[in-house]
Amino acid sequence: MYKTLPVGVKSIITRSITKMFEKYMSDIEWKEDLFKLEDFVKVWQDYINSNAQWNEKVPLEVKVSPLFHEEVASKMNQVINKVLTEVPSEEQISRIESMQQSIGTDYNYSCKAEATYIEKKLENMKVQKKEK
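This report concerns the structure included in the present document. A quick note: this is a predicted structure, and the numbers were derived from the prediction, not measured.

Another aspect to go through is the overall build of the protein. The secondary structure content of the protein amounts to six helices and zero strands. Going residue by residue from the N terminus, the α and β elements of the protein occur as α-α-α-α-α-α. Against the 2.2 N^0.38 benchmark of 14 Å for 132 residues, the protein shows a C-alpha radius of gyration of 18 Å, more extended than a compact globule. Its C-alpha atoms put the protein at 55 × 30 × 25 Å along the principal axes. When the 132 residues of the protein are sorted by exposure, 34% land in the buried category. In the protein, of all internal contacts separated by at least 6 residues, the share reaching a separation of at least 24 is 55%. Separation between the mean location of the 20 positive side-chain charges and that of the 21 negative ones in the protein comes to 5 Å.

Packed helix pairs are characterised by how far apart their axes lie and by the angle those axes make with each other. For the pair helix α2 (residues 37-50) and helix α4 (residues 66-85), interaxial distance at closest approach is 13 Å and the crossing angle is 110 degrees. Between α2 and α4, the interaxial angle falls into the category roughly perpendicular. Together, F40, V41 and W44 of α2 and V72, M76 and I80 of α4 make up the contact between the two elements. Its residues placed into classes, the contact of α2 with α4 shows six nonpolar, no polar and no charged.

The next point concerns the nonpolar core. Formed by 35 residues in total, the largest nonpolar core has its most connected members in L5, I13, W30, F40, W44 and W54. Looking at this core, the element that brings in the most residues is helix α1 (residues 7-27), giving seven residues.

Turning our eyes to something else, we now look at the packing of helix α5 (residues 90-103) against helix α6 (residues 112-131). Contact geometry for α5 and α6: axes closest at 10 Å, N-to-C directions at 35 degrees. Seen along the crossing, α5 lies across α6 with a hand that is left-handed. Residues Q92, R95, I96, M99, Q100, S102 and I103 of α5 lie in contact with α6, whose contacting residues are K112, A115, T116, I118, E119, L122, E123, M125, K126 and K129. For the contact of α5 with α6, a count of residues per class yields seven nonpolar, four polar and six charged.

Calculation rules
- Residues numbered from 1 in each chain as written.
- Predicted model: local features only at pLDDT ≥ 70, side-chain atom pairs only at ≥ 80, totals over all residues.
- Heavy atoms only, no water.
- Helix = DSSP H or I, 4+ residues; strand = E, 2+ residues; numbered from the N terminus.
- Rg over C-alpha atoms; globule rule 2.2 N^0.38 Å.
- Buried < 20%, exposed > 50% of the residue type's maximum accessible area, 1.4 Å probe, protein only.
- Contact = heavy atoms within 4.5 Å.
- Lys, Arg positive; Asp, Glu negative; His and termini not counted.
- Charge placed at Lys NZ, Arg CZ, Asp CG, Glu CD.
- Axes fitted to C-alpha atoms, helices over the stretch in contact; angles between N-to-C directions.
- Parallel < 35°, antiparallel > 145°, perpendicular 65-115°, else oblique.
- Nonpolar A, V, L, I, M, F, W, Y, C, P; charged D, E, K, R; others polar.
- Core = buried A, V, L, I, M, F, W, Y, C linked by side-chain atoms within 4.5 Å.
- Left-handed = near helix turned anticlockwise from the far one by under 90°.

See the structure below:
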């Protein structure tokens, strides 16, 4: 069922999974011990019901199909795996390490999305430090 959707709709679904997974992980500060798949799925479902433009483009008979939900769950696993295995760029690592050295922190990160979260956190810390 998922495979029968137009390429554009499938692409938007994939991006929404990525966006909401990264948001969820940021909300729990990338603390792996706080991760609960059920919580992420709820966040993603809330997003679908309130913000997802693609939701209107998927026929009702597809949305209610258990097969569709299985296929989306499989896509979700693929997307999460991709997010968690994408390595940060050398430039990103360099920026983070430089900021950590100047601020005196030692945050660990294992993927590009987590590195982006850490980089934003360090930038905020740097701004707050200047304001004091």
